[in-house]
Amino acid sequence: MVVILLGPPGVGKGTQAVRLIDSVGGEHISTGDLLREACRDGTDLGLEAQGFMDKGELVPDLLILDLIRDHLSTTDSETSIVFDGFPRTIAQAEGLDGVLLDVARGVSEVVVFEAPEDELIKRLSGRRSCTDCGAVFNLHFDPPTSEGECGRCSGPLVQRSDDQPDTVKNRLRVYESQTAPLIKHYSSHPASLKHVSAVQPVNDVQLAFRAALGIGLTV
Ligand code: AP5
């Protein structure tokens, strides 16, 4: 199974991908997480990507496709994959089809998570992430028990630099202009395309997500 999660910033793609993979196995590939790791490590890719990410712009397609190609070269061809935040342009979608074809695979499902813009802005303004274990909390919807401290590992909780209001506005604009056209693109692709409302509690979104994939209904 090769699944693509589509949807605007803050809709809950990462939250749902982690829950699914923790429960059924497979690999969660988030280009946002891979880029943030490259920035933290100060690699050439990180240095090049940082400026785009700080402004809420997309990192160039060629850099992203190289990153994906490298990553997939170490992934077993039987492993289920959930792509989160990739592809984000038509060129990336076409590039992914080519990379998968080389290993006799293809995208099987595309799931589009949907929520209105005021909800996305609230979720992004309240998001806090642990710098040590990567756990994600939300000050409005899933507050950490102790402020500024991860409830899982006691690491420090921080706000992502691109969750500042001006950058969020640009990310939402970039999503509409460059990524939302992928919904039409995948409507005429062999993969199955499903829409899931993300305006419901996290567990209910997970149930609807699994139903869309046709897999087990326990969370
Ligand atoms: P990336 O990290 O991919 O960011 P994004 O797509 O903007 O998505 P987010 O991570 O912000 O949101 P999410 O949908 O995963 O929501 P989450 O589960 O965290 O990309 C960052 C940047 O990297 C881009 O701007 C770009 O510069 C670059 N980049 C990355 N990939 C690229 C690519 N392929 N090409 C080019 N550039 C690329 O949830 C959000 C919050 O809401 C959390 O606090 C969570 O706890 C809460 N929440 C989740 N679900 C619910 C719910 N049902 N109810 C209430 N709260 C909820």
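Located above this text is the structure these notes cover.
Residues numbered from 1 in each chain as written. Predicted model: local features only at pLDDT ≥ 70, side-chain atom pairs only at ≥ 80, totals over all residues. Heavy atoms only, no water.

A. Structural context of the nonpolar core. With 28 residues, the main nonpolar core has Ile4, Ile68, Leu72, Phe83 and Leu96 as its most contacted residues. Elements that contribute at least two residues to this core include exactly β1 (2-6), α2 (31-41), α3 (44-55), α4 (61-72), β3 (81-84), α5 (90-102), β4 (109-114) and α8 (181-187). For this core, the element with the highest residue contribution is α4, accounting for five residues. Apart from the residues within four sequence positions on either side, leucine 72 is in contact with Ile29, Ile81, Phe83, Val99 and Leu100. (Core = buried A, V, L, I, M, F, W, Y, C linked by side-chain atoms within 4.5 Å. Buried < 20%, exposed > 50% of the residue type's maximum accessible area, 1.4 Å probe, protein only. Helix = DSSP H or I, 4+ residues; strand = E, 2+ residues; numbered from the N terminus. Contact = heavy atoms within 4.5 Å.)

B. Spatial organisation of the sheet that holds strand β6 (residues 136-138). Spatial ordering of the open sheet is given by β6-β5-β7, a layout of three strands whose pairing is antiparallel. Unpaired on one side and paired on the other, β6 and β7 (157-158) mark the two borders of the sheet. Note that strand β5 (residues 127-130) and β7 share two bridges and pair antiparallel. Across the sheet, residue cysteine 130 finds its bridge partner in β7, namely leucine 157. (Pairing = 2+ DSSP bridges.)

C. Structural detail: the sheet that holds β4. Read across the open sheet, the five strands follow the order β2-β3-β1-β4-β8; overall the sheet is parallel. One side of each edge strand has no neighbouring strand; the edge strands of this open sheet are β2 (27-30) and β8 (192-197). On average, each strand axis in the sheet is tilted by 20° relative to the strand beside it, whichever way the strands run. Across six bridges, the pairing between β4 and β8 is parallel. Note that in β8 the partner of glutamate 109 across the bridge is serine 192. Lying over the sheet, helix α1 (residues 13-24) contacts β1, β2, β3 and β4, oriented at roughly 165° with respect to β3. (Axes fitted to C-alpha atoms, helices over the stretch in contact; angles between N-to-C directions.)

D. Just the packing of α2 against α4, in detail. Contact pair α2 / α4: the axes reach a minimum separation of 11 Å and the direction vectors enclose 95°. In this view, α2 runs roughly perpendicular relative to α4, as classed from their interaxial angle. Here Thr31, Leu34 and Leu35 of α2 come into contact with α4, specifically with Ile64, Leu67, Ile68 and His71. Residues that form the contact of α2 with α4 fall into these classes: five nonpolar, two polar and no charged. (Parallel < 35°, antiparallel > 145°, perpendicular 65-115°, else oblique. Nonpolar A, V, L, I, M, F, W, Y, C, P; charged D, E, K, R; others polar.)

E. The arrangement of the site of the ligand in detail. Taken together, 35 residues surround the ligand, and among them Thr15, Glu57, Arg88, Arg127 and Arg171 come closest. Side-chain polar atom of arginine 123 to a nitrogen atom of the ligand: 3.4 Å apart, as the coordinates give it. Arginine 171 is positioned such that a nitrogen or oxygen atom in its side chain is 2.6 Å from an oxygen atom of the ligand. Calculation on the ligand without its partners gives an accessible area of 1,000 Å², and the protein chains cover 95% of this total. For the shell around the ligand, the secondary structure elements donating two or more residues are α1, α2, α6 (117-126), β6 and α9 (202-213). The element best represented in the shell around the ligand is α2, accounting for four residues. Partitioned by chemical class, the residues of the shell around the ligand number 16 nonpolar, 10 polar and nine charged. (Near = heavy atom within 4 Å. Polar contact = N/O pair within 3.5 Å; in protein donor to acceptor, adjacent residues only side chain to side chain. Areas by Shrake-Rupley, 256 points an atom, 1.4 Å probe, with all protein chains shown as cover.)

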